[in-house]
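# Tertiary structure, described
What follows is each chain in one-letter form.
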Amino acid sequence: MKLSYLIILSFSLLIGCRQRIQTDKVLPVYPPVYPDYTEVTIPKNIAPLNFMIKDDITAIQAVIKGDQNQMVLNGTNTIRFNLKKWKQLLLDEKKLAVTVSVQKNNEWIQYKSFNWYIADEEIDPYLSYRLIEPGYEVWNKIQLAERCIENFDENIFADNNLTEGSCMNCHIYNNQNPSQSMFHIRGKHGGTVLNNNGNLRKLKTKTDKMLSNAVYGGFHPGGRYAVFSTNYIIPEFHAQGSKKLEVYDTASDLAILDFETNQSITNPLLTDSLNFDTFPVFSADGNKIYYCGAKAIDVPDSIQKLKYSICSISFDGEKGEVGTSVDTLWNARMTNHSACHLKPSPDGKHLLFTEADYGTFPIWHREADLRLINLETGKIDSLNQVNGDYSDSYHSWSSNSRWFVFASKRQNGIYGQPYFCYIDKNGVAHKPFVLPQKNPDLYNITLKSYNIPELSLGPLPFDAMDIERLYWKQEAEPFSDKEI
Amino acid sequence: MKKFSHHIISPFAFGTIVYLFFTLLYPYHLHYQEQYQLFLFTGDYFQSYLNIPGGMSDYIGNFLTQFYFYPSVGAIFIAFLLVLIQQLTWKTVKNTEKSSVYFPLTFIPSILYWALLCDENYLPGGLISLVFLMVFISIRITIKSENLKSIFAVLSIPVLYWIAGGAVVFYVLYSVLAILFIRKERTARNTIITFIQVGLAISLPFIAKAILIQHPIIKMWIGVNFYSFPNTFPFYAGGVFLLSVLLPFFIKSLMIIRFHFKWAITVLYVVIIIAGFVTIKTSSVFDKEEVMAYDFHTRMRQWDKVIAMADKKSPSSPLSVSCLNLALAKKGMLAEHMFEYYQNGTGGLLPDFKKDFTIPMVTGEIYYQLGFINTAQRYTFEAMEALPLYQKSARTMKRLAETNLINGNRALTLKYLKILQKTLFYSKWATALSKVIDDQEILLQHPEYGWLMTHKIQNDFFFSEGEKDMMLGQLFTANNKNRTAYEYLMAYCLLNKDLNHFMQYLSLAQTIGYKQMPISFQEAFIYSWKMTSQKAPKSMPSFISNEKIQSANAFLSKMNLPNASEVLKKDYGKTYWYYLQFRN
């Protein structure tokens, strides 16, 4: 019975590939496709945008029409593309019109067509992220994964299953280059894992002058240095319904690590106990450090008054020296909001950051949104067409500065997914779209959150077994404070 | 009428006893296991198990575990599998020893695995793995053609490895022993085949590790999840596997009994029954069964059953006491009757958070019923995260759907409901709830969800584990009709022997509208009054009964006797005064 049903279904699908259905009704609205891929701008090298209809339907047909190609696809409630045909379609076309019809209660309903705009600029083809369940203090399985976004291949390059269940944090690249990257593994045999062309080092970054091990940070474009925050981090739990977790620092400083000498460079301006300094990154040219700074206040009692500004201080990459004065790029007092997650675009023109009502941990702040500063004009784009109802936070640029990826909790407020956004030549951001999956229903059923999405130009030169070996068999290299 | 042989009667009787044991004596262990798994009828779920060695055994084990939702059904599967193992063991024994006198000994592996299953952390996947092992050995024995046998011997290694994990080692051991102890097996061909089997069995875990690099090598060797905690090496399960393989050769080495056959078999049955009884009795932990029963009835909101259990035997562990106190509160009896039962301090009211999966689950249940929805959600999520083996839990998934429903997160509620719709026993509930998720009127009429939605905290604050009384105060302040919150607040003060705060909060009792001041409040009030008003005697308020005042006077007069604890226990053991003076 089932077999015959399958045969009939397969046959009808084959036939259906060529035939367009007779429409009974036309609705002047976009179809409720999931994920929402209506009117989005996509890169030429993206994986197929498979989608589905969540409604109770019996069949779906999608007609994809470009200037040179037309494709008719059928399914029961899902539209899946052939990878090869999809690639050709994106190569040939600048714009695709998608017309979706669904069969519901024995009648075919056709929705208003929507477009896919195909940008000329490609996006970096690899994306790394952390797969974790969005818990509170207890974690279970944590994996760092790398996805080729030109298809659906995913590779786990670190798994806490192999490292005593230790927590693993933010994997970041130097200028989206997979030949230099790093992440932290906590736990007994943990450390900061530094990848240099596949040569893995394990670093014990805590020095006498640092509050903690290295936490948030970014590479200097030259590769010799990285700047980090060192923080005392405290989690608190909200009692009221719409809020979940508040994470704040009771102290936070900055330090620059020199990977050649294994030394930590600190500066009184960046280790002042009267200020909280966090989320540091180097500017695209490496001559500045951008970071978030706030006056130290009594937390958690005054947590709602804790607002971080965007500051900068110069850095001399030749001498490894930090400047003597701090500039304020975005003043929290003026906006009465708080900034975090600073990311300058690789071309040095923009600075993308997250703005929240207060505090330093926007992923649980519903109001947290992305903002884009034009570093040449100082103009701030509120990115209204990009931000969603829930937290839009961690982000990373594509190496060509025309795309960025960010973690958004817009679907349900808890589980984050990576969204891609195009910035056109005029600096205008387009409607973002979520990372395509082979099974478009995946985000509905997975219990994993996609954390810390970072784009890269290629695959990483190490794998999970290398990390397992490093964790168990290699001693962590100590760091010391540089004498000033 | 045909006379049934003991070969039929004894397995049937064995199966029946196993069934009755798990249905009548040990059902809450099955409920316990069921709640901590989430078997999904999806291709992705199946594939996730099929991707790793031993995954098939775990998959079938989890499939069976979902039926523990009804212990009377789940027990059928356990009984069947244990009888099946006995039958397969008998088949292998028959291959080496034709005499049936040692038939009773073939129950040993099944009895031992039954004993293991009395530990809530032994999972049915291990039992399935043993069944696979014995099935493969039986097939090996059954095949007569030498060529077929050889092909099967080689092919069975990767197949058995993939479906039953490390059980393959015991299968190869059987082949080795067969060559050593069974003359007809001792051929050059079999010897070569066995060498190939040994080579395959050793190399397969390494090959698997090279492919599945994100799994530790030990997982590639053991494969099946015998035990809830992956760091615990399953020695005992391995012992049963080893015994199952050795038993035929051991029996072969025993002398052949030709006389007094019936007597011999009777003696063996008696020995097996006595040894089996002792084994199961020593392996069963009925104290845990009791705690699990409290937890189960609490989870099912069967408050009367919780109280009835306590009336039969007062609970003493913090978890069961906390379940009892919740049941009393839900029935409006906490303030009146709590000291009629054993109380072990504030830990028996609101146990402290621990990073495991049992305590947060039970405590989360209490917070949920009180109206601390966010805290209940956190405890539930943490319990799910603390589950070993990266399991998910149907109970936690259901609770997360409920807390998000009450908090008004529609999308997240639907996400959890969608997952539960892929299960066998939670699908109906999930579908029904998803249909009314947008109908606030229906939801508000729901006796539990409606109450929690209208009583939830409106003003935000950080939940402090170390200041539970303040948290309860905040909850009560948010809604002063929340009687459960008030009684928990007062009970917390009483159990903490904090009479200052108790007296401070007592005036709030008027908002609850008690017809008569609860007994424990009266007792605490009198005690506090007596201790503080001696310098300026005033008349006792009208809500204190004269009877209680007289009783307090009598208690206080004997309180300082040398053996007061024993003297007063009979008449005052169920009063707050006794708790205050003589309980830690």
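Residues numbered from 1 in each chain as written. Chains lettered and ligands numbered in written order. Predicted model: local features only at pLDDT ≥ 70, side-chain atom pairs only at ≥ 80, totals over all residues. Heavy atoms only, no water.

Moving on, we get to the overall build of chain A. Looking only at helices and strands, chain A has five helices and 36 strands in total. The C-alpha atoms of chain A give 24 Å as radius of gyration, which agrees with the globular expectation for 484 residues (23 Å, within 12%). Projected onto its principal axes, the C-alpha coordinates of chain A cover approximately 80 × 50 × 45 Å. In chain A, buried positions account for 60% of the 484 residues. Looking at chain A alone, contacts between residues at least 24 apart form 58% of all its contacts between residues at least 6 apart. Element-wise, carbon and sulfur atoms account for 49% of the exposed surface of chain A, whose accessible area totals about 19,600 Å². Here chain A contributes 49 positive and 56 negative side-chain charges, whose respective centroids are spaced 5 Å apart. (Helix = DSSP H or I, 4+ residues; strand = E, 2+ residues; numbered from the N terminus. Rg over C-alpha atoms; globule rule 2.2 N^0.38 Å. Buried < 20%, exposed > 50% of the residue type's maximum accessible area, 1.4 Å probe, protein only. Contact = heavy atoms within 4.5 Å. Areas by Shrake-Rupley, 256 points an atom, 1.4 Å probe, with all protein chains shown as cover. Lys, Arg positive; Asp, Glu negative; His and termini not counted. Charge placed at Lys NZ, Arg CZ, Asp CG, Glu CD.)

Per the counting criterion, the structure on display carries 34 salt bridges over all chains. The partner of D55(A) in a salt bridge is K104(A), and the shortest N-O contact between them spans 3.8 Å. Highlighted residues: D55(A) in the loop between β4 (51–53) and β5 (59–65) and K104(A) in strand β8 (residues 95–104), separated in sequence by 49 residues. D55(A) gets classed as partly exposed once you look at its relative accessible area, which sits at 34%. We classify K104(A) as partly exposed; its relative accessible area is 28%. For E120(B), the salt bridge is made with K288(B), and the minimal N-O distance between the two is 2.9 Å. In this pair, E120(B) is assigned in the loop between α6 (108–117) and α7 (124–142) and K288(B) in helix α14 (residues 286–299), connecting sequence segments 168 residues apart. (Salt bridge = Lys/Arg side-chain N within 4 Å of Asp/Glu carboxyl O.)

Further remarks concern helix α2 (residues 83–92) of chain A. Residue and element names in this part refer to chain A. What α2 keeps buried is the set W86, L89 and L90. Angularly, the buried residues of α2 cover 95° about the axis, an arc narrow enough to put them on a single face. Those residues of α2 that are exposed and angled more than 90 degrees off the buried face are K84, K85 and L91. Turning to α2, the residues buried within the fold contact β3 (40–43), β5, β6 (70–75), β8 and β10 (114–119). A distance of 2.9 Å separates the backbone nitrogen of K84 from a side-chain oxygen at the start of α2, and that oxygen is part of N82. (Arc of directions from axis to C-beta. Polar contact = N/O pair within 3.5 Å; in protein donor to acceptor, adjacent residues only side chain to side chain.)

Moving on to a nonpolar patch on the surface. Residues and elements named next belong to chain B. Taken together, the side chains of V169, I202, F206, I217 and W221 define a hydrophobic patch exposed on the protein surface, amounting to about 420 Å² of accessible area. Elements with a contribution of two residues or more to the nonpolar patch: α10 (188–211) and α11 (217–222). Take W221: it is sitting in helix α11. (Patch = residues over 30% accessible without salt bridge, like charges linked within 9 Å, V, L, I, M, F, W, Y side chains within 5 Å.)

The next subject is the confidence of the model for chain B. Of all residues in chain B, 98% have pLDDT values of 70 or greater, and the mean over the chain is 94. Across the interfaces of the predicted complex, the ipTM metric reaches 0.92, alongside a pTM of 0.93. (pLDDT = per-residue confidence, 0-100.)

Residues and elements named next belong to chain A. In spatial order, the strands read β26-β27-β28-β29; together these four strands make up an open sheet with antiparallel pairing. Either end of the sheet is taken by a strand with one partner, and the two such strands are β26 (338–344) and β29 (380–381). Relative to strand β27 (residues 350–356), β26 is paired through five bridges, and the arrangement is antiparallel. By the bridge assignment, S338 is partnered in β27 with A356. (Pairing = 2+ DSSP bridges.)

On to a positive patch on the surface, then. Residue and element names in this part refer to chain B. Together, K91, K94, K144 and K184 line one region of the surface with positive charge. Looking at where K144 falls in the secondary structure, it is placed in the loop between α7 and α8 (146–164). Judged by relative accessible area, K144 falls into the exposed class, the value being 70%.

Contacts between chain B and chain A engage 35 residues on the former and 41 residues on the latter. Carbon and sulfur atoms supply 56% of the area that chain B and chain A bury against each other, a total of about 3,600 Å² over both sides. Applying the counting rule to chain B against chain A returns three salt bridges. One can count 22 residue pairs in polar contact (both at pLDDT 80 or more) joining chain B with chain A. Breaking the side of chain B that touches chain A down by element, the ones donating at least two residues are α19 (373–386), α20 (394–407) and α21 (410–420) of chain B. A class-by-class count of the residues in the side of chain B that touches chain A yields 17 nonpolar, eight polar and ten charged. (Buried area = accessible area lost by both parts, 1.4 Å probe. Nonpolar A, V, L, I, M, F, W, Y, C, P; charged D, E, K, R; others polar.)

All names here are of chain A. Pairing in this open sheet of four strands is antiparallel, and the strands run β30-β31-β32-β33 from one edge to the other. Each end of this open sheet is capped by a strand with a single partner; those strands are β30 (392–397) and β33 (433–434). Where strand β32 (residues 417–422) and β33 come together, two bridges link them in antiparallel fashion. Bridging across to β33, Y419 finds its partner in V434.

To continue, consider helix α31 (residues 564–572) of chain B. Structural remark: α-helix, 3.6 residues per turn; residues separated by three or four positions point the same way. Residue and element names in this part refer to chain B. When α31 is considered as a whole, its buried residues turn out to be A564, L568 and Y572. Burial along α31 is one-sided: seen end-on, the buried residues are contained in an arc of 15°. Exposed side chains of α31 directed beyond 90 degrees from the buried face belong to E566 and K570. Tucked inside the fold, the buried residues of α31 contact α30 (546–558) and α32 (576–582).

A few words on the packing of aromatic side chains. Using the criterion set out here, one finds 84 aromatic pairs over all chains in the structure. Centre to centre, the rings of F226(B) and F241(B) are 5.5 Å apart; their planes meet at 80°, and the pair counts as edge-to-face. Of the two residues, F226(B) sits in the loop between α11 and α12 (235–253) while F241(B) sits in helix α12, which places them 15 residues apart along the sequence. For F226(B), a relative accessible area of 8% gives the class buried. Exposure remark for F241(B): the relative accessible area of 1% places this residue in the buried category. The ring of Y419(A) carries R410(A) above its face, with NZ or CZ at 4.6 Å from the centroid. (Phe/Tyr/Trp six-rings, centres within 6.5 Å; stacked < 30°, edge-to-face > 60°. Lys NZ or Arg CZ within 6 Å of the ring centre and 35° of its normal.)

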